[in-house]
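# Fold and contact review
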Amino acid sequence: MIGGERHLLSMADLDRDDIEQLMSLTASFAEVGERSIPKVPALRGKTIAWLFYEDSTRTRLSFETAAKRLSADTMNFSVSSSSVNKGESLRDTVETITAMGVDGIVVRHRAAGAPSRVAEWVDASVINAGDGWHQHPTQSLLDLYTAREHLGDLDGKHVAIVGDIKHSRVARSNALAFATMGAQVTLVAPKTLLPTHFEGWPVNVTHNLDEVIDDLDICYLLRMQLERQADAVVPSLREFHTEFGLDVRRADRLGDALIMHPGPMNRGVEIAGEVADRPNAVITEQVANGVSVRMAVLFLLLGSGLDLVDGRRAAA
Amino acid sequence: MSADDVSRAIRRMAHEILERNHGADDVVIIGMQTGGVDLAQRLAADISTIEEAEAGSVPVGTLDATMHRDDFGLRPVMPEALTEIPVDPTGKVIVLADDVLYTGRTVRAALDAIHSYGRPRAIQLAVMVDRGHRELPIRPDYVGKNLPTRKDEIVDVNDEGVDLGDLLGEGDIT
Amino acid sequence: MSPTIAITGAQLVDESGTREADVLIADGRIVDVGSGLAGDINVAANGQVVAPGFVDLHAHLREPGDEEAETIETGARGAALGGYTAVVAMPNTSPAIDSAAVVAQVIELAAAANLCDVHPSAAITIGRAGEQLAPMAELVRLGVRIFTDDGAGVQNERIMRSALEYAGSLSHLADGAPIVLAQHCEIESLSRGGLMHEGAWSSRLGMPGQPAEAEELMIMRDIALARLTGGRVHFQHVSTAGGVAMVRAAKEAGLPVSAEATTHHFTLDHSVCASFDSVFKVHPPLRTAVDIVAIKDGLADGTIDAIATDHAPHTSHAKDATFADAPPGMLGLETAFALANTELDLPLEEIVALMSWRPARIAGIDTRHGRPIAAGEPANLVVLDPEATWTVRGSAMASRSANTPYEGRELRGAVRHTIYNGELVVQEGTATR
């Protein structure tokens, strides 16, 4: 149970009950966001540090808004303004921050596993805000929340995750997240954009988007890094768009299936510009729900007081 | 206190709310999650009946004040249910309804929470049972029953009425 | 004159087999093997094993350049504690061992430490840059027998061919001993950026992988170059089942190749990387359970000639980083025998062969190491207790670093004493100097 964990590092740590608990908590916080004063004192006196080793305006702002709505104090440690460039080790940096007294550390790092390492070294709760190609659990939770608002229970629903799966933490997180909630997950990409091995992954894999598009409840598009052309993984972005992009023709075949994207979008690459503005494209809802989900995560880990007591959870 | 006693007390409180506010205009009843929701609905229904108005004429909402509590860190805290404030409370008379008034801390949290939705003209408090032991300067406007208790007793308000039990469980001393 | 030492009651294990006898040591040599022997110092070794001291073909001692991680003295002390009487020091120091001056410095520091023989290997190419050949003849004259750009493989085929041909012309400077080119097998255009083995775990963990083929292709290439040039190629830290199979086939074809496997490559698989603990980051990376079986088979059937350590100390400061940012490498000298003894389903005689006379021959030091236990031979010996169990603690090691991947693991088999040049450098598991 997540309530018994101090950290949120990977969707692999959450079972279906944990996710259900977070979803209902998210609903409570979504309500807070609708108040004329969307702020509660739940984390008053708590301090959260942002440890962002990778640029991320969106995720940072989303977490920042969530923390402020919970009345937490925040402290920002960004790479450009820090001693990271002076050769300080990650551990020294983290210990310096915790010495100032923090209750939570939200970590974004270009290296897979960085939040797991940080969690080994500190008493504070560590929240993974995206690590390399590995995991992005709060993105998955907001995607689940958004999908459930439209589709209800995800059991048996068919989700395609399309595009650069190999280099995507969102894909790894979401494949686990949707499958845990009972959905059928299909990964769609050329082999150059897929991981090499799928043993143990609860997914199907295809290289042909047209083969699955008529059957989908959710078409989840990933951001295509524009520099991938240089890595010789796709001949050109134009060809990628033709074979794997959600163009108007394919979008018509989706019917009212949801179109999702973690942002920022490359219009004209993974998604046609016009398609992104269709009513079944819920991309801005995803962003809005991100704040509520992150409030739920921050509250559960830092404010709920739920923790292990003698190896058991304290009675709620 | 039997179920009939409870019904009579609610009816009396409904009359008191109407008398005090010169009718039901601008009155919004908000039930505290989760114990006060039933009382709020019954008060609203009785007021409609007394005023010979349509059912549903008095707006009823629910409030979970968990996030405004002052005991974070002292015990596990989780929101129990959704908050739903049906109208903008600004300029209205909010009647907060709860089953049991004890230390007053939940009411304080609720007063705090209400203000994040707007600025009511007045907030009044209706409780089924006032068991004493207040820790804050809070008093109820409408009381179903004053029930002196010891701190180690529990008060259970349910469909069958109101019971006084022991903390060790359902009146059985083990 | 140093005191004479008698080791009594032990089983003697050498290339001729196993028998029980006492050993008497004086003036750096074994002077008698028999019964009822006594010396100034008497080491009762009943139930224990006396073997030729171990030889490690592959240790990074970090000096010169990174003395915070290890020095020749601390590395040699760790080696002695691990039962080694000789180690081949890798040249990826700073500066690299690619000139007479650095070779001389390493030899001098090793002599001062006087804990075991430290044989510097030297770089194949200047600065290990893979472009211009190091002054091989000059370095062979100073005693270098193994050349390697370890840490990197020689990427360019033409340079590697040239190095094999040139080194193959230098035996006359080495009393007829072959000059060995030891290759770190990794085609960088395939492995670049890879942090761990490319497979199920790298896919799941979102870490860039190094495919097994990056190693296998270079082994395949160098087998072809050995055939072309007749040069002696030694394959370092073979980690893949495909690599083992190719070495086996090359040996069957009579080509002059040899191979080593490290203790970590037959005891740990890539699943341990799931912790993201950088102590498990190593090149070549930890591979699959299938590869482990293939390496064990290769050790058992002689395809792989030697167990090596690839002892690679790193400070905790360097390792307290993400998996991506931490340097690759792990400690090995002080755990190698115990790991082999615990994990390999081989008779002790075979383990000793893999750790002693076979690597001694590859290193060209078999006149002093890996010798029979007989009167007149150099007294470079180890006394082992194959049944003793102990728990690995990085902090308890002689190394200046503590990056062992076996922290807390209980192992069976301990080094009780190490005799180097006729002197007890390790007594009762403790270094004496």
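Residues numbered from 1 in each chain as written. Chains lettered and ligands numbered in written order. Predicted model: local features only at pLDDT ≥ 70, side-chain atom pairs only at ≥ 80, totals over all residues.

### Here's the deal with the overall build of chain B
Definition in use: Where helices and strands are cited, they refer to DSSP runs of H or I of at least four residues and of E of at least two residues respectively, numbered from the N terminus. Neighbour counting defines burial: a residue surrounded by 20 or more other C-beta atoms within 10 Å of its own C-beta is buried, one with 12 or fewer is exposed, and intermediate counts give partly exposed, using backbone-placed C-beta atoms. Two residues qualify as being in contact provided that their C-beta atoms, derived from the backbone, are within 7 Å of each other.
Assigned secondary structure in chain B consists of 3 helices and 7 strands. Across chain B, helices and strands are ordered from the amino to the carboxyl terminus as α-β-α-β-β-α-β-β-β-β. A total of 174 residues make up chain B; the buried ones form 40% of that total. By sequence separation, contacts in chain B at least 24 residues apart represent 65% of the contacts at least 6 residues apart.

### Observations concerning the interface of chain C and chain A
Think of interface size as the accessible area that goes away when the parts come together; that is how it is often given. Filter applied, for reference: Each residue gets one of three labels, nonpolar for Ala, Val, Leu, Ile, Met, Phe, Trp, Tyr, Cys and Pro, charged for Asp, Glu, Lys and Arg, and polar for the others, Gly among them.
With 16 residues of chain C at the contact, the number on the chain A side is 21 residues. Tallied by class, residues from the side of chain C that touches chain A come to 7 nonpolar, 6 polar and 3 charged.

### Thoughts on helix α6 (residues 169-180) of chain A
Residues and elements named next belong to chain A. Under the convention used in this document: What a helix is expected to span follows from its residue count: subtract one and scale by 1.5 Å.
When the terminal C-alpha atoms of α6 are compared, their 17 Å separation across 12 residues agrees well with the 16 Å that a helix rising 1.5 Å per residue should span. For α6, a buried count of 10 out of 12 residues is recorded, marking the element as mostly surrounded by other parts of the structure. Along α6, the residues that are buried comprise R169, V170, A171, R172, S173, N174, A175, L176, A177 and F178. At its buried positions, α6 is contacted by β4 (125-131), α5 (137-151), β5 (158-162), β6 (184-188), β7 (203-206) and β8 (218-221).

### Side note on the sheet that holds β4(A)
The strands making up a sheet associate through backbone hydrogen bonding, with each pair oriented either parallel or antiparallel. Residues and elements named next belong to chain A. Going by this rule: Should DSSP find at least two bridges between two strands, the strands are taken to pair. Lines fitted to C-alpha atoms define the axes, with helix axes restricted to the stretch in contact, and inter-axis angles between N-to-C directions lie between 0 and 180 degrees.
What the 4 strands build is an open sheet, ordered β2-β1-β3-β4; its pairing is parallel. Both outer strands of the open sheet, β2 (73-78) and β4, are each paired with one neighbouring strand and no more. If you compare each strand with its neighbour and ignore which way they point, the axes differ by 15° on average. Judged from the 6 bridges that link them, strand β1 (residues 47-52) and β2 form a sheet pairing that is parallel. Each residue of the ladder has a partner; that of T47, found in β2, is D73.

### Considerations on unusual backbone geometry
Residue and element names in this part refer to chain C. A cis amide bond, omega 5°, links E63 with the succeeding residue P64. For the peptide bond that leads from H283 to P284, omega is -10°, which places it in the cis range. Mapped onto the elements of the fold, P284 is located in the loop between β14 (257-262) and α9 (289-301). The phi dihedral of D310 is positive, around 50°, even though this residue is not glycine.

### What about the pairing of β14(C)?
Consecutive residues of a regular strand have side chains that alternate between opposite faces of the sheet. Residue and element names in this part refer to chain C. Test applied: Call a crossover right-handed when, viewed with both strands pointing away from you, the route from the first strand across the helix to the second goes clockwise.
Counted residue by residue, β14 has 6 buried out of 6 residues, so it is predominantly covered. Along β14, one buried face is formed by V257, A259 and A261 and the opposite face, lined by S258, E260 and T262, is buried too. Between strand β13 (residues 232-235) and its parallel partner β14, the chain crosses via helix α8 (residues 241-252), and the hand of that crossover is right-handed. Bridging between β14 and strand β15 (residues 306-308) involves 3 bridges; their strand directions are parallel. By the bridge assignment for β15, T262 is matched with A308.

### Considering the pairing of β8(A)
All names here are of chain A. Of the two faces of β8, the one holding I218 and Y220 and the one holding C219 and L221 are both buried throughout. Across 4 bridges, β5 lies against β8 in parallel orientation. Directly across from I161, in β8, lies its bridge partner Y220. One ladder, built from 3 bridges, connects β8 with strand β9 (residues 258-260); its direction is parallel. Counted as the bridge partner of C219 is I259 from β9.

### As for the sheet that holds strand β3 (residues 93-101) of chain B
Residues and elements named next belong to chain B. With parallel pairing, 5 strands are arranged side by side in an open sheet as β2-β1-β3-β4-β5. Every other strand in the sheet has two partners, leaving β2 (60-63) and β5 (142-146) as the edge strands with one partner each. For this sheet, the mean angle separating the axes of adjacent strands, direction not counted, is 25°. Pairing of strand β1 (residues 27-32) with β2 involves 4 bridges; the strand directions are parallel.

### Some words on the packing of helix α4 (residues 157-167) of chain C against helix α7 (residues 212-229) of chain C
Residue and element names in this part refer to chain C. Spelled out, the test is: Every angle not falling under 35 degrees, over 145, or within 65 to 115 is termed oblique; those three ranges are roughly parallel, roughly antiparallel and roughly perpendicular. Take the far helix as your reference; a near helix turned counterclockwise from it by less than a right angle gives a left-handed crossing, and one turned clockwise gives a right-handed crossing.
Viewed as axis vectors pointing N to C, α4 and α7 meet at an angle of 45°, and their least axial separation amounts to 10 Å. Judged by the inter-axis angle, α4 sits oblique to α7. Along this stretch, α4 crosses α7, giving a crossing that reads as right-handed. For the pair α4 and α7, contact is made by E157, M160, R161, L164 and E165 and by R221, D222, L225, A226, L228 and T229, respectively. The class makeup of the residues in the contact of α4 with α7 is 5 nonpolar, 1 polar and 5 charged.

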